[in-house]
Amino acid sequence: MSDLIKKLTETVAFIKNEFKEEAGIGVILGSGLGNFIQEVTIEKEIPYSLIPHFPVSTVKGHGGKLVLGTVNGKKILAMSGRFHFYEGYTPQQVVYPIRVMKMLGVHTVLLSNAAGSVNPNHKVGDMMIINDHISFFTPNPLVGKNDEELGPRFPDMSEPYSKDLIAKAISIAQHANIELKQGVYVGVTGPTFETRAEYQLIKAIGGDVVGMSTVQENIVAVHGGMKVFAMSIVTDLGIRDEENVITHEEVLQAAKEAEPKFTFIFKELIKAI
Ligand code: HPA
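Everything in this summary refers to the structure shown in the same document.

The rules behind the values
Once a new chain begins, its residue numbering starts again from 1 and follows that chain's sequence as written. Note on the predicted model: pLDDT of at least 70 is required for a residue's local features to be given, and 80 or more for side-chain atom pairs to be given and counted; whole-chain, interface and lining totals, by contrast, use all residues. To obtain the side-chain values, all non-hydrogen atoms of the structure were included, while hydrogens and water were left out. Put simply, a salt bridge is a Lys or Arg side-chain nitrogen that is within 4 Å of an Asp or Glu carboxyl oxygen. Put simply, DSSP marks the helices as runs of H or I at least four residues long and the strands as runs of E at least two long, and each gets a number from the N terminus on. Remark: exposure states derive from per-residue accessible area (1.4 Å probe, protein chains only) relative to the maximum for the residue type, with buried under 20%, exposed over 50%, and partly exposed in between. Any two of the Phe, Tyr and Trp rings considered here, Trp counted by its six-membered ring, make a pair once their centres fall within 6.5 Å; the pair's planes then place it as stacked at under 30 degrees, edge-to-face at over 60, or tilted in between. A helix's residues, less one, multiplied by 1.5 Å, set its expected span. What the arc measures is the spread of directions leading from the helix axis to the C-beta atoms. Note on contacts: a residue pair is in contact if any heavy atoms of the two residues lie within 4.5 Å. A molecule or strand has a residue near it when one of that residue's heavy atoms lies within 4 Å. Any pair of N or O atoms that falls within 3.5 Å is considered a polar contact. Within protein, one atom must be able to donate a hydrogen and the other to accept it, and sequence-neighbouring residues count only if both atoms are side-chain atoms. Each accessible area value is a Shrake-Rupley result obtained with a 1.4 Å probe; residue values ignore everything except the protein chains displayed when judging cover. Grid spacing is 1 Å over the protein atoms alone, the probe is 1.4 Å, and a cavity is where that probe fits but cannot get out, while a pocket is an open set with protein on both sides within 12 Å along at least five of seven lines and lining residues have an atom within 4 Å of a point. In this description, a molecule resides in a pocket or cavity if more than half of its atoms sit within 2 Å of the grid points defining it. When residue character is reported, Ala, Val, Leu, Ile, Met, Phe, Trp, Tyr, Cys and Pro are called nonpolar, Asp, Glu, Lys and Arg charged, and the others, Gly included, polar. The criterion for strand pairing is that DSSP finds at least two bridges linking the strands in question.

Let us now look at the pattern of salt bridges. Two side chains of opposite charge can pair, provided their charged atoms sit close to one another. Enumeration according to the criterion identifies 16 salt bridges in this entry. Between Lys6 and Glu10 there is a salt bridge, and its shortest N-O distance comes to 3.6 Å. Taken together, the positions of Lys6 and Glu10, both in helix H1 (residues 3-18) and four residues apart, correspond to about one turn of that helix. Where Glu259 meets Lys256, a salt bridge forms, and the shortest distance between an N and an O atom there is 3.5 Å. Here Glu259 pairs with Lys256, and both are found in helix H6 (residues 248-272), just three residues apart, close to one helical turn. Classification of Glu259 by relative accessible area gives buried; the value is 6%. A single salt-bridge network, built from bridges that share partners, covers Lys123, Asp126, Glu179 and Lys181.

Here it is, written out as structure tokens:
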């Protein structure tokens, strides 16, 4: 047994002892989007600090607990707070909870994030379904010896975000008269926001939004055979007037304002899965 599988087995045994029921859907909440947890009928929550081998979140706006509960009659496992590469975690640490979710029986992962937009048709507060991504120098978490138990050496990435879940989300939004954009998420390491030249480059290579999470988690979920849906909240515009600067506070505030619409879509999607 590899060291990783041994650790995962210990983590999973600990969680199974705390959470007696199995959840099929995993939810990861991005910056400023933690209030989704209030929509969950919580059965149990465990702070990350108590879970063996789990990294601990350090960023402002991230709660740092694993929650088991019910949304619209479906059992979910939610991460309130995620791990980012820019915090100093290795790519393998960043994706550890995704692997844990897989071993706990999760088949579908819903990801959310705050992102900067380079698409001139976007405005702050827009929600964008991620239909593809570009890794912009974010280290691939699968580099290293492949554990066949976890997934194949060379995973196919032609449908990293489930077309079926995207169609469901679009239909939900149409019925509720909520506007949803669709596009390509460019994953960067951060922690700097991008320079003006970098935002232009991100636009030129086909990106619509840019953010510091999601890509590594997506790769490991696909590696493990899970279905993924992901949504960005546009919290700032990368291509903008000379005088504006971007701050983390502004990002959190914009995410907060979009949160009710975001929560609605995620709740309805969970119902439809
Ligand atoms: N760039 C990278 N990450 C981000 C941004 C951005 O403009 N906004 C929120 N997360």
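To continue, consider the packing of aromatic side chains. Evaluated as defined, the whole model comprises 10 aromatic pairs. For the pair Tyr48 and Phe54, a centre-to-centre distance of 5.2 Å together with 45° between the ring planes defines the contact as tilted. Among the residues examined, Tyr48 registers a relative accessible area of 1% and is labelled buried. Every member of this aromatic cluster is reached through a ring pair, and the members are Tyr48, Phe54, Phe83, Tyr89 and Tyr96.

Each full turn of the α-helix corresponds to 3.6 residues, which orients residues three or four apart in the same direction. The first and last C-alpha atoms of helix H3 (residues 163-175) sit 18 Å apart over 13 residues, in line with the 18 Å expected at 1.5 Å per residue. If you check which residues of H3 are buried, you get Leu165, Ile166, Ala169, Ile172 and Ala173. Across the axial projection of H3, the buried residues extend over an arc of 125°, all falling on one side. Residues of H3 that are exposed and point over 90 degrees away from its buried face: Lys163, Gln174 and His175. Those residues of H3 hidden inside the fold are in contact with strand E5 (108-117), strand E6 (127-135), strand E7 (181-187), strand E9 (227-237) and H6.

The next point concerns the site of the ligand. Around the ligand, the neighbouring residues are Ala114, Ala115, Gly116, Phe193, Glu194, Tyr199, Val210, Gly211, Met212, Thr235, Asp236 and Val251. Ala114 is positioned with one of its backbone polar atoms (N or O) 3.4 Å from a nitrogen atom of the ligand. Take Asp236: an N or O atom from its side chain is 2.7 Å from a nitrogen atom of the ligand. For the ligand, the protein covers 96% of the area, taking 260 Å² as the surface of the free molecule. Here the ligand occupies the second largest pocket. Mapped by element, the contributors of at least two residues to the shell around the ligand are E5, strand E8 (209-211) and E9. With three residues, E5 is the largest single contributor of residues to the shell around the ligand. Of the residues in the shell around the ligand, the class split is seven nonpolar, three polar and two charged.

What follows is about the pairing of strand E3 (residues 65-71). Of all seven residues that make up E3, six are buried, and the element is covered over most of its length. With six bridges connecting them, strand E2 (residues 41-47) and E3 associate as antiparallel partners. The residue bridging Thr41 from the neighbouring strand is Thr70, located in E3. Pairing of E3 with strand E4 (residues 74-80) involves seven bridges; the strand directions are antiparallel. Each bridged residue has a counterpart across the sheet, and for Thr70 the counterpart in E4 is Lys75. Turn length for the E3-E4 hairpin, with the two strands adjacent in sequence and antiparallel, is two residues, and the turn residue Asn72 shows positive phi of about 50°.

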